[in-house]
Amino acid sequence: MDARSPAASPRTGHVLHRFANPGQFLRLSGKVLPWLYWPGLILTAVSLIWGLFFAPDDWQQGDTVRIMYVHVPFAWLASAGYFSLAVCSFISLVWRHPLADLAAAEIGPVGAAFTAVCLATGSLWGKPTWGAWWVWDARLTSVFVLFLLYLGHIALVRAFDDPTRGYRAGAILALVGAVNLPIIKFSVDWWNTLHQPASIGLTGAPTIATSMLWPLLFSAIGFTLLFAAIIVTRTRAAVMERRIRSLLMARASSATGQEAVP
Amino acid sequence: MTHLPYIIAAYVIALGVPIVLATEALFRVRAARRRLDVTDIRRNRGSV
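Summary of the structure given here. (Residues numbered from 1 in each chain as written. Chains lettered and ligands numbered in written order. Predicted model: local features only at pLDDT ≥ 70, side-chain atom pairs only at ≥ 80, totals over all residues.)

The subject of this paragraph is the packing of helix 5 (residues 138-157) of chain A against helix 7 (residues 180-190) of chain A. Residue and element names in this part refer to chain A. Interaxial distance between helix 5 and helix 7 falls to 8 Å at its minimum, and their mutual angle equals 160°. Here helix 5 lies roughly antiparallel to helix 7, going by the angle between them. As for the relative orientation of helix 5 and helix 7, their crossing is left-handed in sense. On helix 7, the residues touching Ala 138, Arg 139, Ser 142, Val 143, Val 145, Leu 146 and Leu 149 of helix 5 are Asn 180, Ile 183, Ile 184, Ser 187 and Val 188. (Axes fitted to C-alpha atoms, helices over the stretch in contact; angles between N-to-C directions. Helix = DSSP H or I, 4+ residues; strand = E, 2+ residues; numbered from the N terminus. Parallel < 35°, antiparallel > 145°, perpendicular 65-115°, else oblique. Left-handed = near helix turned anticlockwise from the far one by under 90°. Contact = placed C-beta atoms within 7 Å.)

Listed below in structure tokens is the structure:
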């Protein structure tokens, strides 16, 4: 583990290393995972049945509004996933935390898959509503750019023989790409888009009917818990695989009498 | 429901992708744990 900590507070780095070292992570995540998977599965199932069979039709969109209960959570998670990727990348670059590297590498594929689902469900909503599978409008294009950023991160992390160099390059790309997040959020305000503006915001009352808002919130929480569960599970696997790799390398180097290269 | 095929397709994709990802992740953890049990001598001795 590299103890370098350039301009950052050593105290923060110490706290990070104490509470997020791989061994501690394996112990804590083992306890947390059932609390992510089971509520996530139950909330998702309830919300989808609610949205599919019990939520009302929209006066304008008709029954296609039901696609919203799966499309919107994936759209939120596509951005939230990239934000968490950027946070892990920041921690990786500043404190060189190995767990942040592994988490970032695992967030990439899951985020890309969730963004692809967001784009696919959006197309399935767009065809009956707009009459087109795809339009190059600012919101759709910026989300497509997000998808490409995820793919770029996946490719870059795996592009080097030395994993550390891959993690560094991926972290820089993730931080630079984070500029796309406010563009996605405000694209419907800054440009005249075909995509509708946000119905739910942090400030102001939601412009969506309560009978539609509740299943949407349940769905968003359910999918968020599942997203977190998948990331934590994959990171657990990555921690164990790294441990196996270092053990095998140590064994091989002791057999040949050379010093192990981590 | 006049747009049922679109709705069903969206729900299948939205449920299928997380299920596939979660299953793959759980199998990966199980495989890694088995390999670690074989590889890590200290763990097998119960010292860690």
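In this assembly, 24 residues from chain B lie in contact with 31 residues from chain A. Taken together, the residues of the side of chain B that touches chain A sort by class into 17 nonpolar, three polar and four charged. (Nonpolar A, V, L, I, M, F, W, Y, C, P; charged D, E, K, R; others polar.)

Another aspect to go through is the environment of Ala 32 of chain B. You can see Ala 32 of chain B is positioned in helix 1 (residues 4-39). Spatially, the C-alpha atoms of Ala 32 of chain B and His 3 of chain B are 44 Å apart, while their sequence positions differ by 29 residues. Sequence-distant contacts of Ala 32 of chain B, defined by excluding residues within four places in its chain, comprise Ala 237, Met 240, Glu 241 and Ile 244 of chain A.

Counting 70 residues, the largest nonpolar core has Phe 74, Ala 78, Ala 104, Phe 114, Phe 227 and Ile 230 of chain A as its most contacted members. For this core, the secondary structure elements donating two or more residues are helix 2 (22-54), helix 3 (68-95), helix 4 (98-130), helix 5, helix 6 (163-177) and helix 8 (210-256) of chain A together with helix 1 of chain B. Considering each element in turn, this core owes the most residues, 17 residues, to helix 8 of chain A. Apart from residues no more than four positions distant in its own chain, Phe 114 of chain A is found in contact with Phe 74, Leu 77, Ala 78, Gly 81 and Phe 227 of chain A. (Core = buried A, V, L, I, M, F, W, Y, C linked by C-beta atoms within 7 Å. Buried ≥ 20, exposed ≤ 12 C-beta atoms within 10 Å, placed from the backbone.)

Everything listed here is a matter of geometry and, on its own, says nothing about what the molecule does.
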